[in-house]
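# Working through the structure, step by step
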Amino acid sequence: MKHETEPILQVNNLVKDYVSRGLLNSKSQVFHAVNNISLELYPGSTYALVGESGSGKSTTGKIICALEKATAGTVTLLGENYTNDSPSQLRKNIRGNIQMVFQDPFSALNPRKTIGDAVIEALQIRDIGSSGRERRNIARDTLQRVGLSVWHMDRYPHQFSGGQLQRVNIARALAVQPKILILDESVSALDVSIQAQVLNLLQEIKEEFSLSYLFITHDLSVVRFIADYVGVLFKGQLVEEGETKEIFEHPENEYTIRLLDSVPRTDPQQRHLLG
Amino acid sequence: MVSQIDNKNQQIDDVSGADHVPNSVDIDDENKTGKRQNQNSLWAAIKSSPSALYGGIFLLIIVFACVVIPHVMKMDPFATKASDILMAPSWQHVMGADNVGRDVFARVLFGGESSLLVGGSVAVVSGVLGFIVGAYSAFFPKIGYWLMRVCDGLMAFPAILFGIALIGGLGQSIGNVILALSIVFIPYVARVVRSATMSNMNENYVSVLVSLGASSTRILWRNIALNVIAPWIIEVTFVFADAILVEAAMSFIGTGIPQPSPSWGNMLYDSRTYIYQAWWLTVFPGVALALTVFVINIFGDGLREVFDPKRRR
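- Per an unreviewed UniProt entry, chain B carries the name ABC transporter permease and comes from Bifidobacterium tibiigranuli.
- Word for word, the UniProt comment on chain B under Subcellular location (unreviewed entry) is "Cell membrane".
- Regarding chain B, the UniProt comment filed under Sequence similarities (unreviewed entry) reads as follows: "Belongs to the binding-protein-dependent transport system permease family."

- As annotated in an unreviewed UniProt entry, chain A carries the name ABC transporter ATP-binding protein and comes from Bifidobacterium tibiigranuli.
- UniProt lists a comment for chain A under the heading Sequence similarities (unreviewed entry), and it reads "Belongs to the ABC transporter superfamily."

And the structure:
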């Protein structure tokens, strides 16, 4: 990959081990959830991390979002390494710049807070807006931008559908003006027509808010639609990486080939997804 | 400006589309309808659970009877009358008179007042402290480990034993009864709060708050606490009932509310000697005690139903 710009996010030789110790045997077992992953995310682009469940996709996302500590390796945002930062340093430099949208939209919202309050609280935490009224207006505008309406603001999460809730989650992430959005299986829990709506929304706001996406998914048909680059994860290792078109047309790794073959084709005459 | 009626209509059809977004609606107008709706649904939920409704009503009646009636009617639980000694229930003494000629009805009501005072204070004190201990021990696992070992230690004592020891050391007074029972019941509340907090901490909304850079105070007290309140209230009502029972038991063995102040426990103790001659000395305080604890437990069960999210969806 040749690029004229500097990467916004750089992941170098990331390792995450989980150590489990049995009750009887004193030997501890080490499980490499993430094993030596390196990737680069460029401003305004979308990097899709694909792989089967248990391949370490979500763990990678959580480490980048600084929700988990890496065992080894570094993650840098605009050239600044924050892997070993203290919570207060993270709060100052990283929090708010990297936001995550989770797979389960319901669990990502406090069931006892209205969605308006959820967005307003995010603004409060990031100290955006000077008065309560201003924050409320920003929250309203952001929610409207993702396709919700003013009267939704005073409703509770259980009064919404999954697709609407995922819009709320996206709105909350957008409200704090992040640079990077990590979408961890964000559309996998939605049904197909809603998936398409949310994906279109994501495409629209990407340019509008000059975002970069790290798209974590197992759904290759979505990847082809949204991603510029693809990294294929298998058992914690990045087995193949490249531009989306390249990967889909000329997969080199055996696992990637199997993964691509597993995607059902809409046209039986068509041999390859992009062929 | 879109009128209220138009909004109502638009609320009815599904709203996933962004096409008909009114652009300049006054927010404050919208605010009120939403809040009111939510309160209504809580009231509807309470009405839908008969045990919460009737338990609550009967509890209010008991509280009213014990706290308001004796003072309004100017009853005297200490006045003795030699001619009324061991008088059976009659119009003069609805629940009879005891071995020194005191009105049992007045004593049952005053005893109820102190029982409710002890139960209520214990519920509030151990409720508040248990909430704090439980929430922090879940949020900071290292402190929590030690806090929970202390709680285990406290739970190993039977409540009565701990109460007797403390009363023995500090002297017999209603304040010390409340103190002793509060310490005993803190671990029970803390356990419930801790487990509810821990299960909430695995929810993604906490991860989102962390990734936004929220302080732990905000995460714990302004978000997780809201979701822990329901199991907490239920546990506190059960502590309320338990504290009344333990107080009665302590009074029964003479370490509770000091004589001659009436309490259901010491009334039962006094009645032992006369159980064959004067059944009313045993039955009325006993029934009052059993009924109160029963009603509180029913109310607690009702609250459990009301707060069950599966019912409220």
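### Observations concerning the overall build of chain A
- Counting its regular elements, chain A contains nine helices and ten strands.
- For 275 residues, the compact-globule formula gives about 19 Å, and the C-alpha radius of gyration of chain A, at 20 Å, lands near that figure.
- By its C-alpha atoms, chain A is 55 × 55 × 45 Å across when sized along the principal axes.
- Relative to all contacts within chain A whose residues are 6 or more apart in sequence, the contacts with residues 24 or more apart total 67%.

### Quick word on the overall build of chain B
- Broken down by element type, chain B carries 13 helices and zero strands.
- Counted from the first residue to the last, chain B has its helices and strands arranged as α-α-α-α-α-α-α-α-α-α-α-α-α.
- Put simply, 69% of the contacts in chain B that link residues at least 6 apart link residues at least 24 apart.

### With respect to helix α11 (residues 264-271) of chain B
- The buried fraction of α11 of chain B is high, at seven of eight residues.
- For α11 of chain B, the set of buried residues is Trp-264, Gly-265, Asn-266, Met-267, Leu-268, Asp-270 and Ser-271 of chain B.

### A short note on the nonpolar core
- Ranked by internal contacts, the top residues of the largest apolar core, which has 148 residues, are Val-119, Ile-182 and Leu-214 of chain A together with Leu-181, Val-189, Val-239 and Ala-243 of chain B.
- Apart from the residues within four sequence positions on either side, Val-239 of chain B is in contact with Val-122, Ala-123, Ser-126, Gly-127, Phe-185, Tyr-188 and Val-189 of chain B.

### As for the sheet that holds strand β4 (residues 72-77) of chain A
Residue and element names in this part refer to chain A.
- If you walk across this open sheet you meet the four strands as β2-β1-β4-β5, and the pairing is antiparallel. This sheet does not close on itself; its edge strands, each paired only once, are β2 (28-41) and β5 (80-81).
- Here strand β1 (residues 9-21) pairs with β4 via five bridges, running antiparallel. Looking at the pairing, Gln-10 lines up with Thr-76 of β4.
- Across the face of the sheet, helix α1 (residues 57-64) comes into contact with β1, β2 and β4 while running at roughly 115° to β1.

### A short note on the pairing of strand β8 (residues 212-217) of chain A
All names here are of chain A.
- With six of six residues buried, β8 lies mostly within the body of the structure.
- Covered by surrounding structure in β8 are Ser-212, Leu-214 and Ile-216 together with Tyr-213, Phe-215 and Thr-217, the residues of both alternating faces.
- Here strand β3 (residues 46-50) pairs with β8 via five bridges, running parallel. Bridge pairing in β8 places Val-50 opposite Thr-217.
- Here strand β7 (residues 180-184) runs beside β8; their pairing, made up of five bridges, is parallel.

### What about the UniProt feature "domain: ABC transmembrane type-1" (unreviewed entry) in chain B?
- Cross-referencing UniProt, the feature "domain: ABC transmembrane type-1" (unreviewed entry) maps to residues 116-300 of chain B in the present numbering.
- With 84% helix and 0% strand, residues 116-300 of chain B has its two end C-alpha atoms placed 16 Å apart.

### Some thoughts on the sheet that holds β8 of chain A
All names here are of chain A.
- Taking strand neighbours across the sheet as the criterion, the six strands line up as β6-β7-β8-β3-β9-β10 in an open arrangement whose pairing is mixed. At either margin of the open sheet sits one strand with a lone partner, and together these are β6 (98-101) and β10 (237-243). In this sheet, neighbouring strand axes are inclined to one another by 15° on average, regardless of whether the strands run parallel or antiparallel.
- Here α1 sits on the sheet in contact with β3, β6, β7, β8 and β9 (229-234), set at roughly 150° to β8.
- Its contacts with the sheet put helix α9 (residues 254-261) on β9 and β10, and the angle it makes with β9 is roughly 105°.

### Here we look at the environment of Ala-278 of chain B
- On the secondary structure map, Ala-278 of chain B appears in the loop between α11 and α12 (280-307).
- In this structure Ala-278 of chain B touches Leu-86 and Gly-96 of chain B, once residues within four positions along its chain are discounted.

### Some thoughts on the packing of helix α3 (residues 50-67) of chain B against α12 of chain B
Residue and element names in this part refer to chain B.
- Axis separation between α3 and α12 bottoms out at 7 Å; the angle between their running directions is 145°. As α3 runs across α12, the sense of the crossing is left-handed. Residues Ser-51, Ala-52, Leu-53, Gly-55, Gly-56, Phe-58, Leu-59 and Ile-62 of α3 touch α12, and the partners they reach there are Thr-292, Val-295, Ile-296, Ile-298, Phe-299, Asp-301, Gly-302, Leu-303, Glu-305 and Val-306.
- Per-class residue counts for the contact of α3 with α12 are eleven nonpolar, five polar and two charged.

Criteria and thresholds
- Residues numbered from 1 in each chain as written.
- Chains lettered and ligands numbered in written order.
- Predicted model: local features only at pLDDT ≥ 70, side-chain atom pairs only at ≥ 80, totals over all residues.
- UniProt positions renumbered as here; feature names shortened; annotations may be inferred.
- Helix = DSSP H or I, 4+ residues; strand = E, 2+ residues; numbered from the N terminus.
- Rg over C-alpha atoms; globule rule 2.2 N^0.38 Å.
- Contact = placed C-beta atoms within 7 Å.
- Buried ≥ 20, exposed ≤ 12 C-beta atoms within 10 Å, placed from the backbone.
- Core = buried A, V, L, I, M, F, W, Y, C linked by C-beta atoms within 7 Å.
- Pairing = 2+ DSSP bridges.
- Axes fitted to C-alpha atoms, helices over the stretch in contact; angles between N-to-C directions.
- Left-handed = near helix turned anticlockwise from the far one by under 90°.
- Nonpolar A, V, L, I, M, F, W, Y, C, P; charged D, E, K, R; others polar.

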